[in-house]
Amino acid sequence: MSGTGFHHVPVLLSQTLEALQLREGGVYLDGTVGGGGHSKAILTALSGNCGLYAVDRDGDALTAARARLSAWEGVTFIHGNFHDAPQLLGDVRFDGILLDLGVSSWHLDSAERGFSYHEDAPLDMRMDRSGGLTAAQWLNTRDEHTIAQALYEYADERWAARIAKSIIQMREEKPLSTTMDLVRAVDRAIPKAVRRKIEGHPARRTFQAVRIAVNDEIGPLQRALEDLVLMLRPGGRLCVISFHSVEDRAVKRAFVRMRNPCVCPPSAPVCICGREPIATLPKGYPVAADEAEVIVNPRSRSARLRVAQRI
Ligand SMILES: C[S@@+](CC[C@H](N)C(=O)[O-])C[C@H]1O[C@@H](n2cnc3c(N)ncnc32)[C@H](O)[C@@H]1O
């Protein structure tokens, strides 16, 4: 796939560059390089005078990033999951780390990847197609409670229980195999009058939740963010862009715990758990996209940038 086939407009770009406090000669990690938009801006801002590690769990995204950043030296591309950063990157220490979470516009626009509820395609949704369960396999094998819980926890879906029941009923007739099978399961679960009033597509939350479950996006996040902060040099910053409230809550919770990891009961007169803060949370964050950016790139509407700084 060529670099030009990968269309994705980087969100909160100037705010992210500012938050990273870039400096010449620094070493940076883009843990979700995608099409390389943010990475290219980092390299450009520093005239290539830096080290950059570019990670993505999607091999196709990495191919696109490689093509887009081919003019720059000093970029190390790694196919992997940033949840495994200590194993992937060993002893490397960074001056700044960026995570731009979730899927890219290119994922959503590539019908055959199965992320879109607008196009009929195999129900895949894996970011890394080299392994793991597809969305179809996940939905055809999990029990009703697990599916309902995922819909509720990962997308605040208020119709979670009914949608889960509908999925189970549908798969008893025939296993789900396409994106439209899942759209139909949602349609059957939500009364027509309600569906008409829902803002956006009625299957939006279900697709979000299934994608998060299939790619295990939230569970390991807190641990991963802590690992990444510990890979920063003192004063280095971890910048995280999230796209929905479930993700943002998880990031916020992890950051607050880094600033105050003490688990002593409130009644304890002094701290006895001995857990020391590993980060401060610089003032002025989270930031959201301004109106001008939202007009040009509507996907930026829900984006939030949070920052933690290594002590
Ligand atoms: C929103 S896009 C990043 C776009 C990029 N910042 C740009 O400007 O082109 C998110 C990318 O992160 C990748 N990704 C998501 N979760 C990941 C994870 N846990 N580890 C590695 N890559 C991940 C996705 O495959 C996708 O390519």
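In this text the structure is predicted, and so the values were computed from the model without any measurement.

One pass over the structure, following the stated rule, counts 1 cavity of 30 Å³ or more. Looking at the largest cavity, its volume works out to about 390 Å³. Those elements that provide at least two residues to the lining of the largest cavity are α2 (37–45) and β4 (94–100). Considered class by class, the residues forming the lining of the largest cavity number 11 nonpolar, 14 polar and 7 charged.

Let us now look at the packing of aromatic side chains. Under the definition given, this model contains 2 aromatic pairs. Their ring planes at 85° and their centres at 5.7 Å tell us that Y53 and F94 sit as a pair that is edge-to-face. Remark: F94 occurs in strand β4 and Y53 occurs in strand β2 (residues 51–56); sequence separation between them is 41 residues. The exposure class of F94 is buried, given its relative accessible area of 0%. Judged by centre distance (5.4 Å) and plane angle (85°), the rings of Y117 and F207 are edge-to-face. Remark: F207 occurs in helix α11 (residues 204–214) and Y117 occurs in the loop between α5 (105–109) and α6 (135–141); sequence separation between them is 90 residues. For the pair shown, Y117 and F207 are each scored as buried.

Turning next to the pairing of β2. Burial analysis of β2 places 5 of its 6 residues in the buried class, the great majority of the element. Taken together, the 4 bridges between strand β1 (residues 27–30) and β2 define a ladder with parallel strand orientation. When the sheet's bridge partners are listed, V27 is paired in β2 with G51. Where β2 meets strand β3 (residues 75–79), 5 bridges bridge the pair, whose relative direction is parallel. When the sheet's bridge partners are listed, A54 is paired in β3 with F77. Taken together, β2, helix α3 (residues 59–68) and β3 form a β-α-β motif whose crossover is right-handed.

A word on the packing of helix α1 (residues 13–20) against α2. Two numbers describe how α1 lies on α2: the axes approach to 11 Å, and their chain directions differ by 55°. Put simply, α1 runs oblique to α2. Between α1 and α2 the crossing geometry is right-handed. Here L13, T16, L17 and L20 of α1 come into contact with α2, specifically with H38, A41 and I42.

With that settled, the discussion passes to the domain arrangement of the protein chain. Domain boundaries assigned for the protein chain yield domain 1 (3–102 + 218–310) and domain 2 (114–214). Centre-to-centre, using C-alpha coordinates, domain 1 lies 29 Å away from domain 2. Taken together, the contacts link 11 residues of domain 1 with 11 residues of domain 2. When the buried surface of domain 1 facing domain 2 is broken down by residue, R57, H244 and V246 rank first, second and third, together holding 46% of it. Taken together, the connections running from domain 1 to domain 2 amount to 2 salt bridges.

For the rest of this paragraph, the subject is helix α8 (residues 160–173). Across its 14 residues, α8 extends 20 Å between first and last C-alpha, which sits within 8% of the 20 Å expected from 1.5 Å per residue. If you check which residues of α8 are buried, you get A160, I163, A164, S166, I167, I168 and M170. Buried positions along α8 lie against α6, α7 (144–155), α9 (179–189) and α11.

Okay, the side chain of E157 next. Counting through the fold element by element, E157 comes out in the loop between α7 and α8. For E157, the side chain forms a polar contact with the main-chain nitrogen of W159, separated by 2.9 Å. Not counting chain neighbours up to four residues away, the residues in contact with E157 comprise L151, Y152, I163, P202, R205 and T206.

We now examine the site of the ligand. In the vicinity of the ligand, 26 residues are found, and the nearest of them are H38, D56, N81, F82 and D100. Computed on the free molecule, the ligand has an accessible area of 610 Å², of which 99% lies beneath the protein chains in the complex. Given that more than half its atoms are within 2 Å of the pocket grid, the ligand belongs to the largest cavity. Looking at side-chain class alone, the shell around the ligand contains 7 nonpolar, 14 polar and 5 charged residues.

Reading guide: rules and limits
- Residues numbered from 1 in each chain as written.
- Predicted model: local features only at pLDDT ≥ 70, side-chain atom pairs only at ≥ 80, totals over all residues.
- Heavy atoms only, no water.
- 1 Å grid on protein atoms, 1.4 Å probe; cavity = no way out; pocket = protein on both sides within 12 Å on 5 of 7 lines; lining within 4 Å.
- Points joined across faces, edges and corners; volume = space filled by probe spheres on them.
- Helix = DSSP H or I, 4+ residues; strand = E, 2+ residues; numbered from the N terminus.
- Nonpolar A, V, L, I, M, F, W, Y, C, P; charged D, E, K, R; others polar.
- Phe/Tyr/Trp six-rings, centres within 6.5 Å; stacked < 30°, edge-to-face > 60°.
- Buried < 20%, exposed > 50% of the residue type's maximum accessible area, 1.4 Å probe, protein only.
- Pairing = 2+ DSSP bridges.
- Right-handed = clockwise from strand over helix to strand, strands pointing away.
- Axes fitted to C-alpha atoms, helices over the stretch in contact; angles between N-to-C directions.
- Parallel < 35°, antiparallel > 145°, perpendicular 65-115°, else oblique.
- Left-handed = near helix turned anticlockwise from the far one by under 90°.
- Contact = heavy atoms within 4.5 Å.
- Domains from an automatic or database assignment.
- Buried area = accessible area lost by both parts, 1.4 Å probe.
- Salt bridge = Lys/Arg side-chain N within 4 Å of Asp/Glu carboxyl O.
- Expected span 1.5 Å × (residues − 1).
- Polar contact = N/O pair within 3.5 Å; in protein donor to acceptor, adjacent residues only side chain to side chain.
- Near = heavy atom within 4 Å.
- Areas by Shrake-Rupley, 256 points an atom, 1.4 Å probe, with all protein chains shown as cover.
- Sits in = over half its atoms within 2 Å of the grid points.

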